[in-house]
Amino acid sequence: GQIGYMIESVLDEALMAQGIDFNPLVSLITYVVVDEKDPAFATTEFDIRNMLADGEQPVNQAMSDLGKIETNSIYKVIAPFIPAPLIDKASSLNISHWVAKDNDEMVIVYFYMK
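Residues numbered from 1 in each chain as written. Predicted model: local features only at pLDDT ≥ 70, side-chain atom pairs only at ≥ 80, totals over all residues. Heavy atoms only, no water.

Q: What exactly am I supposed to notice about the packing of aromatic side chains here?
A: The relation between two aromatic rings is expressed through the spacing of the ring centres and the mutual angle of the planes. One pass over the full model with this rule turns up 2 aromatic pairs. A ring pair is formed by Tyr-75 and Phe-111, whose centres lie 6.4 Å apart and whose planes are at 45°; its orientation type is tilted. With a gap of 36 residues between them, Tyr-75 in strand 2 (residues 73-79) and Phe-111 in strand 4 (residues 106-113) connect regions that are remote in the sequence. A single burial state applies to Tyr-75 and to Phe-111, both of which are buried. (Phe/Tyr/Trp six-rings, centres within 6.5 Å; stacked < 30°, edge-to-face > 60°. Helix = DSSP H or I, 4+ residues; strand = E, 2+ residues; numbered from the N terminus. Buried < 20%, exposed > 50% of the residue type's maximum accessible area, 1.4 Å probe, protein only.)

Q: Whenever I open this one, the packing of helix 3 (residues 59-68) against helix 4 (residues 84-92) confuses me. Can you help?
A: What describes two packed helices is the angle between their axes and the distance between those same axes. At a closest axis distance of 10 Å, the pairing of helix 3 and helix 4 adopts a crossing angle of 30°. Here helix 4 runs roughly parallel to helix 3, going by the angle between their axes. In this structure, helix 3 crosses over helix 4, and the sense of that crossing is right-handed. Between helix 3 and helix 4, the residues in contact are Val-59, Ala-62, Met-63 and Leu-66 and Pro-85, Leu-86, Lys-89 and Ala-90, respectively. Split by residue class, the contact of helix 3 with helix 4 holds 7 nonpolar, no polar and 1 charged. (Axes fitted to C-alpha atoms, helices over the stretch in contact; angles between N-to-C directions. Parallel < 35°, antiparallel > 145°, perpendicular 65-115°, else oblique. Left-handed = near helix turned anticlockwise from the far one by under 90°. Contact = heavy atoms within 4.5 Å. Nonpolar A, V, L, I, M, F, W, Y, C, P; charged D, E, K, R; others polar.)

Here you go:
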């Protein structure tokens with residue numbers, strides 16, 4: 001708010017000093033609420049599709065990663081299906097999640113440590 005007012009004030013004075021006829025200036029103050037769970041804030045990403053294709057189980061790697069995420073951080077997992085065992089293990093540690101199905105071949109699970 002204060003910066004907008006200062007810009008308005010300086011511009012108003014400059015226009016008056018130049019003798020330019022203008023309508024009164026107005027500042028518009030806005031307020032933005034940012035969703036702390038916005039997927040754009042994902043700090044770590046793990047695509048488990050390659051591990052699964054190689055016959056490996058990604059649960060241990062994902063749980064290790066989840067054990068290292070900081071409070072208010074988002075961990076993004078890309079999978080070809082909903083990874084229920086991973087979700088169950090994370091939930092048992094009070095790590096919340098939500099699922100976004102990108103298409104028929106890709107599911108994105110966001111884990112959030114509050």
